[in-house]
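# Architecture and fold: a report
These are the residues of each chain, in order.
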Amino acid sequence: MSFIQLKNIDVAYDGKKKILNNLCLDIEEGKLISLLGPSGCGKTTTLRVIAGFIEPNGGSFLLNGKDFTKVPIHKRNFGIVFQSYALFPHLTVEENVAFGLKMRKMPQQEIAPKVQEILATVDLADLGKRYPRELSGGQRQRVALARALVVQPELLLLDEPLSNLDAKLRLKMRVEIRELQQKLKITTVFVTHDQEECFSISDKVAVMNGGIIEQYDTPENIYAHPATEFVARFVGFENFFPLEKREDGYYCGDTRFEIGHLPEREMDAPKGTIRPDDIVLLEDGSQEENNVIEGTVTVRTYLGKSYQYKVATPFGDLVANGSNTRTHEAGERVRLYLPPQKLVVV
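Residues numbered from 1 in each chain as written. Predicted model: local features only at pLDDT ≥ 70, side-chain atom pairs only at ≥ 80, totals over all residues. Heavy atoms only, no water.

### So, the overall build of the chain
This is how the line gets drawn: Only DSSP runs of H or I reaching four residues or more are called helices, and only runs of E reaching two or more are called strands; each is numbered from the N terminus. Working rule for contacts: check all heavy atoms of both residues, and any pair within 4.5 Å makes them a contact. Each accessible area is a Shrake-Rupley result for a 1.4 Å probe, and residues are judged covered by the shown protein chains and nothing else. His residues and chain termini do not enter the charge count, which takes Lys and Arg as positive and Asp and Glu as negative. In plain terms, the charge of a residue is placed at NZ if it is Lys, CZ if Arg, CG if Asp and CD if Glu.
Looking only at helices and strands, the chain has eight helices and 21 strands in total. Reported as C-alpha extents along the three principal axes, the dimensions of the chain are approximately 80 × 45 × 35 Å. Considering only contacts in the chain between residues 6 or more positions apart, those separated by 24 or more positions represent 66%. Put simply, the chain shows about 17400 Å² of open surface, and 47% of that area lies on carbon and sulfur atoms. Charge centroids of the chain, computed over 43 positive and 47 negative side chains, lie 8 Å from each other.

### Description of the sheet that holds strand β10 (residues 212–217)
Convention followed: Paired strands, as defined in this entry, are two strands with at least two bridges between them according to DSSP. Note on geometry: axes are C-alpha line fits, over the in-contact stretch for helices, and angles between N-to-C directions span 0 to 180 degrees.
Spatial ordering of the open sheet is given by β6-β7-β8-β3-β9-β10, a layout of six strands whose pairing is mixed. Each edge of the sheet is formed by a strand with only one pairing partner; in this case those strands are β6 (78–81) and β10. The mean angle between the axes of side-by-side strands here comes to 15°, regardless of whether they run parallel or antiparallel. With four bridges connecting them, β6 and strand β7 (residues 155–159) associate as parallel partners. Following the sheet pairing, Phe-78 is matched in β7 by Leu-155. Along the sheet face, helix α1 (residues 43–51) touches β3 (32–36), β6, β7, β8 (188–192) and β9 (204–209) and points at about 150° away from the line of β7.

### Comments concerning a nonpolar patch on the surface
For the record, the criterion: By definition, no residue in a patch forms a salt bridge, and every one has over 30% relative accessible area; like charges are joined within 9 Å, nonpolar side chains (Val, Leu, Ile, Met, Phe, Trp, Tyr) within 5 Å. For this document, the term salt bridge refers to a Lys or Arg side-chain nitrogen within 4 Å of an Asp or Glu carboxyl oxygen. Each residue's exposure class comes from its accessible area (1.4 Å probe, protein chains only) as a fraction of the maximum for that residue type: buried when under 20%, exposed when over 50%, partly exposed otherwise.
On the surface, a cluster of nonpolar side chains totalling about 220 Å² of accessible area is made up of Phe-53, Ile-73 and Phe-82. By secondary structure assignment, the location of Phe-53 is in the loop between α1 and β4 (58–63). Residue classification places Phe-53 among the partly exposed positions, given a relative accessible area of 34%.

### Considering the packing of helix α2 (residues 93–103) against helix α4 (residues 137–149)
Using the following cut-off: Oblique is the label for any angle not covered by the other classes, which are roughly parallel (under 35 degrees), roughly antiparallel (over 145) and roughly perpendicular (65 to 115). Note: crossing handedness is left-handed where the near helix turns anticlockwise from the far helix by less than a right angle, and right-handed where it turns clockwise. Gly is placed with the polar residues, together with every amino acid not listed as nonpolar (Ala, Val, Leu, Ile, Met, Phe, Trp, Tyr, Cys and Pro) or charged (Asp, Glu, Lys and Arg).
One can describe the packing of α2 onto α4 by two numbers: an axis separation of 7 Å at closest approach and a directional angle of 30°. It follows from the interaxial angle that α2 and α4 lie roughly parallel. The hand of the α2/α4 crossing is right-handed. Of α4, the residues touching α2 (which contributes Val-93, Asn-96 and Val-97) are Val-143, Ala-146 and Arg-147. For the contact of α2 with α4, the per-class residue count stands at four nonpolar, one polar and one charged.

### Overview of the pairing of β4
Two faces belong to every sheet, and in a regular strand the side chains alternate between them. Among the six residues that make up β4, five are buried, leaving the element largely enclosed by the rest of the structure. Pairing between strand β1 (residues 4–12) and β4: five bridges, direction antiparallel. The partner of Asp-10 across the bridge, within β4, is Gly-58. Counting the residues between successive antiparallel strands, the hairpin from β4 to strand β5 (residues 66–67) contains two residues, one of them, Asn-64, with a positive phi of roughly 55°.

Okay, structure coming up:
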């Protein structure tokens, strides 16, 4: 049984359009999963349902088999790190971290060692007497993590915790978050709109769009085998062309396409998609017949290590990246080979 279960969750504000629509999600204990998607897709709302800030209009939230749908926030032993960190500016690092323990009325003599232990875990043992204004962005973020973790939560919720950091610090902190999560083996839900950030640290990713989860899978599978056109576009696929399913395979016009990874379900109007880097511009004399689309170069762009070509085909424009060893001019006819193992059907 999954540690966390969201079953058929519906959320609508003021009876208007649903923010979450029959959303279902299962999370294994000890895993870090990310909710990924553009603004307005419902990822933060999903996190707020789990945290208890929002009671869904329909559906249920189970934690370790127990129904938590209507359990108030203060009775959910969850740690939460917000985008703004929400540290108390008038309290020291130690006092900020100890706040949750004091609210739980833990004896004073037990608080100090717990605070020191968690500060050491997040590498802030020497900064306990400082105030938030005396810390860097990364240090403030670690204080927020320490405050969330010191209460030994059953679940850690992170709402875009790295968005206020500069690019270099974001890279460092996402690694630290992953190392800390694995060290403590705490089940974690991480909300982000940053694909690279999410893929680098997650066990599984839920790609959201319009209040539903379009794909829930490992980062590797989502990157290589997106299940829908939305997911494909979100993870960098640019080329889409119509496919027709026939008895002996998929076709685009009269050209047969071999597919390295066949879709698990039948699709009414399947499309083929592939990244520009994966398309091969065939040399003159090539005998390839399957997986080939012919077209005319309309635009050539220099990328430094390669050239990018926009190619007009009978099935729409395709973008392909070619090497510097052979260039193609605007107006030139080219043959594009789409390797089966790189081609995806959505």
